[in-house]
Amino acid sequence: MKKVGLLTALLAVGMMSACSSAKKQQTIEEPNYVRTQETEKLLTNLKKSSSKGIMFGHHDDTVYGIGWDGDEGRSDVKSVCGDYPAVISFDLGEIELKGDDSLDKVPFDKIRKEIINQYQRGGMVSLSWHVRNPKTGGDSWDVTDTTVVKSILPGGENHEKFSGWLGKVADFLNSLKVADGVKVPILFRPWHEHTGSWFWWGEKLCTPDEYKTLWRMTVDSLRTHGVDNALYAYSPGSEPKDTAQYLKRYPGDDIIDLIGFDTYQNDRDSYIAGLDKSLAIVDSIGKSHDKVIAITETGYEGIPDAKWWTGTLLPAIEKYPVAYVLVWRNARERVTHFYAPYPGQTSAADFVEFYNNPKTLFAADANLYQ
Ligand code: BMA
């Protein structure tokens, strides 16, 4: 019922100039919405990939690292172990503004190029969106106003403005084409960590219904704009204590392809216990809902533990059928803010062991489009 109401409202706004609303409604409502062949292939392979091993991922891997920025073909991970990550994530934050550079100052033209490079290696790309606050003009972390989500839903005062922002995301996703015109499939992971309250779409900032409507509006809008190369990831933080809490704001099996969670190490014991709790939750839901599971963001800032990769991370996750585990970025502008090793870093030798472990998969092992 929600979906129908929302779609009708979306159409009312989006179809001012259109003629045959009945036909258009049918297209959007179509249950067997068509994704590109390559996108279907990616999903099929993701469903099988955990039987081969766990893919390693790193945010912004090929666009900058420790002591470098924008060097062609460079990657801190590759400099340490000889291969690129199987999964690379980028962020679309600020594409909604002028759209030239991301919030972390990476040109979107460079991101597009690196998405295509990762596809050509047989690896996967995940995209998050640290989108600006459409009501206050602040950033994603501006939680001073608790009505932002409501204001962008159909009928809200910022709905039209936000629809324009979604249009910019759609234009970017539609522009991810290789030479023969094939669109590169990506995993889109918006509205993440919503079980905390540090983003304007967080738990205390909107109701479960508003959050779910936000998701439906996002997916409907991208589809209406012709985005047929996206899979979608639901990615709360580590807060949910059980499957019911995890699913409290879940937008629905019909739009979500992958479920995961974000969690970071501070204290080792509670990190391991937390990973196990969240993995048990997504493993159980993944099985009953037929969804791919992943650790969508994790890491230990500065990796001060020389054995972290084989002594903490791998043993904590290897018994679960996880498609990938992704660590956050190696910020070139914040010297202590890194999550993957670089040559000479304390955990670099252990990372090579992690890489050599047959249970871990890197770009050369991924082969996600065959
Ligand atoms: C955060 C930090 C920030 C960054 C943001 C979006 O976790 O890394 O410095 O701007 O992610 O990438």
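A. Focus on the overall build of the protein chain. A tally of regular secondary structure across the protein chain gives 13 helices and eleven strands. A compact globule built from 370 residues should have a C-alpha radius of gyration of about 21 Å, and the protein chain, at 20 Å, falls within 12% of that. Considering the protein chain as a whole, with its 370 residues, one finds that 58% of them fall into the buried category. Sequence separation of at least 24 residues holds for 75% of the intrachain contacts in the protein chain that already meet a minimum separation of 6. Carbon and sulfur atoms make up 51% of the accessible area of the protein chain, which totals about 14,700 Å². Here the protein chain contributes 42 positively and 51 negatively charged side chains, and the mean placements of these two sets differ by 3 Å.

B. Examining the packing of aromatic side chains more closely. This structure, assessed with the given rule, holds 32 aromatic pairs. Taken together, a centroid distance of 6.4 Å and an interplanar angle of 40 degrees make the contact between Trp 129 and Phe 188 tilted. With Trp 129 in the loop between strand S5 (124-128) and helix H6 (148-152) and Phe 188 in strand S6 (residues 186-189), this pair connects stretches of sequence that are 59 residues apart. This pair shows no difference in class: Trp 129 is buried, exactly as Phe 188 is. The interplanar angle of 55 degrees and the centroid separation of 5.8 Å between the aromatic rings of Phe 162 and Trp 165 together place this pair among those described as tilted. Placement of both Phe 162 and Trp 165 in helix H7 (residues 159-174) is noted, with a separation of three residues, approximately one turn of the helix.

C. Expanded view of the pattern of salt bridges. For the coordinates displayed, the defined rule picks out 24 salt bridges. Among the ionic pairs, Asp 145 bridges to Lys 135, the shortest N-O distance being 3.4 Å. In this pair, Asp 145 sits in the loop between S5 and H6 while Lys 135 sits in the loop between S5 and H6, placing the two residues ten residues apart along the sequence. Of the residues examined, Lys 135 reaches a relative accessible area of 30% and is grouped as partly exposed.

D. Main features of the packing of H7 against helix H8 (residues 208-224). Direction vectors running N to C along H7 and H8 enclose 55 degrees, while the axes themselves pass 9 Å from each other. The orientation of H7 relative to H8 falls into the category oblique. The way H7 lies across H8 gives a crossing that is right-handed. Residues His 159, Phe 162, Leu 166, Val 169, Ala 170 and Leu 173 of H7 pack against Met 217, Thr 218, Ser 221 and Leu 222 of H8. Here the contact of H7 with H8 is built from residues that sort into seven nonpolar, three polar and no charged.

E. Representation of helix H5 (residues 108-120) in the model. Compared with an ideal rise of 1.5 Å per residue, which puts 13 residues at 18 Å, H5 spans 18 Å between its outermost C-alpha atoms and is within 8% of the ideal. Residues of H5 that are buried: Phe 108, Lys 110, Ile 111, Glu 114, Ile 115, Ile 116, Gln 118 and Tyr 119. On its buried face, H5 sits against helix H3 (37-49), strand S4 (87-91), S5, H7 and S6. Phi for Gly 122, located one or two positions after H5, is positive at around 85 degrees.

F. A look at the site of the ligand. By nearness alone, every residue bordering the ligand is listed as Asp 104, His 130, Trp 141, Trp 328, Arg 329, Arg 334 and His 337. With the chains in place, 79% of the 310 Å² that the ligand exposes on its own is no longer accessible. Classifying every residue of the shell around the ligand gives two nonpolar, two polar and three charged.

G. Quick look at helix H10 (residues 268-289). In this model, H10 (22 residues) spans 31 Å end to end at C-alpha, consistent with the 32 Å of a helix rising 1.5 Å per residue. Within H10 the residues assigned to the buried category are Tyr 271, Gly 274, Leu 275, Ser 278, Leu 279, Ile 281, Val 282, Asp 283, Ile 285 and Gly 286.

H. Layout of unusual backbone geometry. With phi around 55 degrees, Trp 191 is a residue other than glycine that occupies positive phi space. The residue Trp 191 is located in the loop between S6 and H8 in this model. Positive phi values are uncommon outside glycine, yet Asn 367 reaches one of about 50 degrees. Checked against the element boundaries, Asn 367 lands in the segment after helix H13 (363-366). For Asn 367, a relative accessible area of 44% corresponds to the partly exposed category.

I. The pairing of S4, seen in detail. Here S4 lies mainly inside the structure; five of its five residues are buried. Neither face of S4 is exposed, since Val 87, Ser 89 and Asp 91 on one face and Ile 88 and Phe 90 on the opposite face are all buried. As judged from the three bridges shared by strand S1 (residues 54-59) and S4, these two strands associate in the parallel manner. Across the sheet, the residue bridging to His 58 is Ile 88, located in S4. Bridging between S4 and S5 involves five bridges; their strand directions are parallel. Opposite Phe 90, over in S5, you have Leu 127 as the bridge partner. Viewed along the sheet, the connection from S4 through H5 into S5 turns out right-handed.

Parameters and conventions
Residues numbered from 1 in each chain as written. Predicted model: local features only at pLDDT ≥ 70, side-chain atom pairs only at ≥ 80, totals over all residues. Heavy atoms only, no water. Helix = DSSP H or I, 4+ residues; strand = E, 2+ residues; numbered from the N terminus. Rg over C-alpha atoms; globule rule 2.2 N^0.38 Å. Buried < 20%, exposed > 50% of the residue type's maximum accessible area, 1.4 Å probe, protein only. Contact = heavy atoms within 4.5 Å. Areas by Shrake-Rupley, 256 points an atom, 1.4 Å probe, with all protein chains shown as cover. Lys, Arg positive; Asp, Glu negative; His and termini not counted. Charge placed at Lys NZ, Arg CZ, Asp CG, Glu CD. Phe/Tyr/Trp six-rings, centres within 6.5 Å; stacked < 30°, edge-to-face > 60°. Salt bridge = Lys/Arg side-chain N within 4 Å of Asp/Glu carboxyl O. Axes fitted to C-alpha atoms, helices over the stretch in contact; angles between N-to-C directions. Parallel < 35°, antiparallel > 145°, perpendicular 65-115°, else oblique. Left-handed = near helix turned anticlockwise from the far one by under 90°. Nonpolar A, V, L, I, M, F, W, Y, C, P; charged D, E, K, R; others polar. Expected span 1.5 Å × (residues − 1). Near = heavy atom within 4 Å. Pairing = 2+ DSSP bridges. Right-handed = clockwise from strand over helix to strand, strands pointing away.

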